[in-house]
Amino acid sequence: MLDLKPSHKPIKDYFTELEQFAKHGQTNEMTVRNAFQDLLQTLSKKLQWQFIEEYAIKRKGRRDASVDGALVDQFSLPRAFWEAKDTKDDLPTEVRKKFDDGYPQTNILFWQPGRAILYQDGLKILDADISTPAKLVEVLTAFLSYDLPYIKEWEHAVEEFKNTIPTLAASVLKLLEEQRQSNTSFQGAFQRFMELGRQSINPDLSVDAVEEMLIQHLLTRRIFTTIFNVHGFLQKNAVARELESVIAHLVQGYGSVELFLKPLDRFYKALEMAAEQTDDYAQKQTFLNTVYEKFFQGFAVKVADTHGIVYTPQPIVDFMVRSVEEALKADFNKSLASPGVHILDPFVGTGNFILRVMREIHEQNPSALRHKYLNELHCNEVMLLPYYIACLNIEHLYHELTGEYLPFPGICLVDTFELVEDKQLGMFTNENTERVQRQKDAPIFVIIGNP
């Protein structure tokens with residue numbers, strides 16, 4: 001909650017900064033807006049949000065526009081927008097222009113020194129003189145305390161999901177146990193999948209671990225198909241296909257997977273409504289990563305702890321990729337884009353390092369990316385959900401950079417630590433087996449990632 005008073009330091013600093021601009025005769029928007037931007041940045045930190053300058057606004061059938069700033073929450077969902085004008089502008093006229101141009105009306109504050117107009121859910125909430133600290137605080141409180149309906153529903157659903165997941169997972173586990181005793185078609189499908197898992201992930205893979213994989217797949221399959229609108233993914237992906245086959249035998253008595261998962265409808269619908277608020281793939285990726293972390297916090301705390309369900313901050317990923325590029329140039333007279341430089345991320349997670357490497361290659365030599373993508377980029381993941389996400393992310397980025405869709409052949413569902421000749425036999429499907437063997441035969445030149 002935003003507990004803000006006229007006497008608080010950020011408010012005093014704001015008015016002091018405006019006075020200094022006035023003293024020096026500065027009234028230009030690009031100058032005076034800094035005072036309010038500094039204030040919003042300070043308040044966003046108090047709310048554990050992130051202030052993003054020049055935030056892109058998607059407009060159907062037209063190129064992106066940008067607002068001067070947006071405040072986004074931990075799920076990468078925009079909570080508030082801000083547009084600045086200087087004292088010479090007619091603020092109501094500027095508001096009309098922006099709305100005619102497709103700017104959001106969910107929760108947006110139009111500001112100029114001394115005046116603010118606030119729109120929420122398409123309605124003008126206030127048009128106020130903000131030349132006094134008390135009035136400014138009133139406007140900021142209305143602006144930053146507003147809960148968009150879909151966000152309120154989403155936050156409740158996330159908390160409910162986190163609390164419900166252990167119970168729901170336990171009920172699915174009970175069903176799995178019952179079906180393994182009584183359902184002969186499920187017994188056969190389960191056993192086949194278990195053998196594939198032992199060959200691929202770990203020869204000592206337990207029944208418990210296989211059941212956990214099935215539960216993960218079952219409870220999150222709708223998330224992938226709805227957030228990313230990739231309804232063919234479950235049929236196209238080699239591992240997902242095998243899991244879908246087992247699930248089909250499991251839910252035979254329920255008519256469909258959807259009927260089986262009816263208790264989670266509210267969560268899924270809230271998630272889908274929240275995800276619809278952005279068309280930006282990077283934001284969806286951040287959103288999904290956070291959902292994924294929440295899933296594990298509620299579903300498998302020990303797994304989250306032992307497998308390090310933590311994402312490397314993007315600036316560190318950027319730094320590491322650039323450092324590798326510099327080392328290749330300095331010591332080998334090569335680059336990430338050079339032919340023959342095979343690159344492996346042995347613990348790919350949701351794909352951040354491979355994505356950044358692809359962008360680096362494309363920046364250096366766009367024509368080299370296709371060959372690298374099909375032949376010289378390799379990565380492994382042992383956990384099912386991040387493997388799915390990495391597949392989607394990598395293939396989407398390739399399409400975004402080249403305009404061509406190609407399945408990514410370099411990702412394997414496998415434990416990198418178990419890649420030893422006498423332990424690795426078949427990898428779920430012939431396709432996955434061939435990928436693992438191809439990687440083992442490749443002259444890996446660069447290994448990069450988060451161990």
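Reference entry: report on the structure contained in this document. (Residues numbered from 1 in each chain as written. Predicted model: local features only at pLDDT ≥ 70, side-chain atom pairs only at ≥ 80, totals over all residues. Heavy atoms only, no water.)

1. Regarding the packing of helix H15 (residues 352-364) against helix H17 (residues 384-402)
Packing of H15 against H17 brings their axes to within 10 Å, and their N-to-C directions diverge by 15 degrees. Judged by the angle between their axes, H15 and H17 are roughly parallel. As H15 packs across H17, the resulting crossing turns out to be right-handed. Taking contact as the criterion, the partners of Ile354, Leu355, Met358, Arg359 and His362 in H15 are, on H17, Asn393, Ile394, Leu397, Tyr398, Glu400 and Leu401. Among the residues forming the contact of H15 with H17, the class breakdown is seven nonpolar, two polar and two charged. (Axes fitted to C-alpha atoms, helices over the stretch in contact; angles between N-to-C directions. Helix = DSSP H or I, 4+ residues; strand = E, 2+ residues; numbered from the N terminus. Parallel < 35°, antiparallel > 145°, perpendicular 65-115°, else oblique. Left-handed = near helix turned anticlockwise from the far one by under 90°. Contact = heavy atoms within 4.5 Å. Nonpolar A, V, L, I, M, F, W, Y, C, P; charged D, E, K, R; others polar.)

2. Some details on helix H1 (residues 9-23)
In this model, H1 (15 residues) spans 21 Å end to end at C-alpha, consistent with the 21 Å of a helix rising 1.5 Å per residue. Within the span of H1, buried status applies to Pro10, Ile11, Tyr14, Phe15, Leu18 and Phe21. Each buried residue of H1 sits inside an arc of 135 degrees when the element is viewed along its axis, so together they form one side. Opposite the buried face of H1, at more than 90 degrees from it, the exposed residues are Lys9, Lys12, Glu19 and Lys23. Two residues or fewer past H1, Gly25 is found with a positive phi of approximately 75 degrees. (Expected span 1.5 Å × (residues − 1). Buried < 20%, exposed > 50% of the residue type's maximum accessible area, 1.4 Å probe, protein only. Arc of directions from axis to C-beta.)

3. Details of the sheet that holds strand S8 (residues 377-381)
Across the sheet, which stays open at both edges, the four strands sit in the order S9-S8-S7-S10 with parallel pairing between neighbours. The sheet terminates laterally at strand S9 (411-413) and strand S10 (444-447), the two strands that pair on one side only. Within this sheet the neighbouring strands show an average axis-to-axis angle of 25 degrees, counted without direction. As judged from the three bridges shared by S8 and S9, these two strands associate in the parallel manner. For Cys379, the partnering residue across the bridge sits in S9 and is Ile411. Across the sheet, H15 touches strand S7 (342-345) and S8, and the angle it forms with S8 is around 170 degrees. Running over the sheet, helix H16 (residues 369-376) touches S7 and S8 and is turned about 45 degrees from S8. (Pairing = 2+ DSSP bridges.)

4. With respect to the nonpolar core
Counting residues in hydrophobic clusters, the biggest one holds 62 residues, and the most contacted among them are Ile343, Met358, Ile361 and Ile394. Residue contributions to this core peak at nine residues, all from H17. Residues Phe51, Trp82, Val139 and Phe143 belong to the second largest nonpolar core, which totals 33 residues. (Core = buried A, V, L, I, M, F, W, Y, C linked by side-chain atoms within 4.5 Å.)

5. Focus: the pattern of salt bridges
Tallied over the full model, the rule gives 21 salt bridges. Of the charged contacts in the structure, one is a salt bridge between Asp13 and Lys9, with a shortest N-O distance of 2.7 Å. Note that Asp13 and Lys9 are positioned in helix H1 at a spacing of four residues, about one turn of the helix. Taking relative accessible area as the criterion, Asp13 reaches 36% and is therefore assigned partly exposed. For Arg33, the salt bridge identified is with Asp68, shortest N-O distance 2.7 Å. (Salt bridge = Lys/Arg side-chain N within 4 Å of Asp/Glu carboxyl O.)

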